[in-house]
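Reading the structure
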Amino acid sequence: AAPWYADPLFVIPAAGVLPFGSIFIEMYFMFTSFWSYKFYYVYGFVLLVYVILVMVTICTTIVAVYFLLSSENYHWQWMAFLSAGSTAFYVFLYSVFYFFYKTKMTGLLQVSFYFGYMTLFCMGLFFMCGTIGTWGAGLFVKRIYGAVKID
């Protein structure tokens, strides 16, 4: 049996916390810009936050895959994708918080518009982070097992 820290039910949600932590402050400014109709001027900073998100996502996914491989479980691909993509779940939770505490939207149209767009955004973020994390973990696995020759 795998140790508790290699259980996918622990690793998948835990791996999304750090990437979310690296972007959540900027998410406030982006949400305010988009949902409060304010201008957003700091595009260079968003690029920097994106680069940080990519690096943190790759690093946390590598750690998650390493835990899985250390417990002798070689099914790492989907775990890498889901653990990296779990950042989107935390962004969606933050969007729920933002909706109730920062916006003054009411009515079915505004609520469905907000949550429809946030669901689409989070789905895109899930696929983007999952792809980036799986790619980084794939490079890691190829690097650590590439030198092994089986005759």
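Calculation rules
Residues numbered from 1 in each chain as written. Predicted model: local features only at pLDDT ≥ 70, side-chain atom pairs only at ≥ 80, totals over all residues. Heavy atoms only, no water. Phe/Tyr/Trp six-rings, centres within 6.5 Å; stacked < 30°, edge-to-face > 60°. Helix = DSSP H or I, 4+ residues; strand = E, 2+ residues; numbered from the N terminus. Buried < 20%, exposed > 50% of the residue type's maximum accessible area, 1.4 Å probe, protein only. Axes fitted to C-alpha atoms, helices over the stretch in contact; angles between N-to-C directions. Parallel < 35°, antiparallel > 145°, perpendicular 65-115°, else oblique. Left-handed = near helix turned anticlockwise from the far one by under 90°. Contact = heavy atoms within 4.5 Å. Nonpolar A, V, L, I, M, F, W, Y, C, P; charged D, E, K, R; others polar. Arc of directions from axis to C-beta.

Attention now moves to the packing of aromatic side chains. A complete count under the given rule lists 28 aromatic pairs for this structure. Centre to centre, the rings of Phe-31 and Tyr-98 are 5.3 Å apart; their planes meet at 75 degrees, and the pair counts as edge-to-face. Here the residue Phe-31 occupies a position in helix α2 (residues 17-35), and Tyr-98 occupies one in helix α5 (residues 87-102), the gap between them amounting to 67 residues. As far as burial versus exposure is concerned, Phe-31 and Tyr-98 are alike and both buried. An angle of 70 degrees between the planes, with centres 4.7 Å apart, marks the rings of Phe-113 and Tyr-117 as edge-to-face. Pair noted here: Phe-113 and Tyr-117 are both in helix α6 (residues 107-145), with a separation of 4 residues, about one helical turn. Ring pairing ties together the aromatic residues Phe-20, Phe-24, Tyr-28, Phe-29, Phe-31, Phe-89, Tyr-90, Tyr-94, Phe-97, Tyr-98 and Tyr-101, which thus form one cluster.

Here we come to the packing of helix α1 (residues 8-15) against helix α4 (residues 77-85). Between α1 and α4, whose axes approach to 6 Å, the crossing angle comes to 40 degrees. Overall, the two elements α1 and α4 adopt an arrangement that is oblique. Two packed elements cross with a definite hand, and for α1 against α4 that hand is right-handed. Each of Pro-8, Val-11, Ile-12 and Ala-15 in α1 lies in contact with α4, whose residues at this interface are Met-79, Leu-82 and Ser-83. Across the contact of α1 with α4, the residue classes tally to 6 nonpolar, 1 polar and no charged.

This part is about the environment of Trp-35. Checked against the element boundaries, Trp-35 lands in helix α2. Of the residues examined, Trp-35 reaches a relative accessible area of 6% and is grouped as buried. When sequence neighbours within four positions are dropped, the list of residues in contact with Trp-35 reads Tyr-98, Met-105, Phe-113, Tyr-114, Tyr-117 and Met-118.

With that settled, the discussion passes to α1. When α1 is considered as a whole, its buried residues turn out to be Val-11, Ile-12 and Ala-15. Within α1, the buried residues cover an arc of 95 degrees as seen down the axis, which keeps them to one side. On its buried face, α1 sits against α2, α3 (43-70) and α4.

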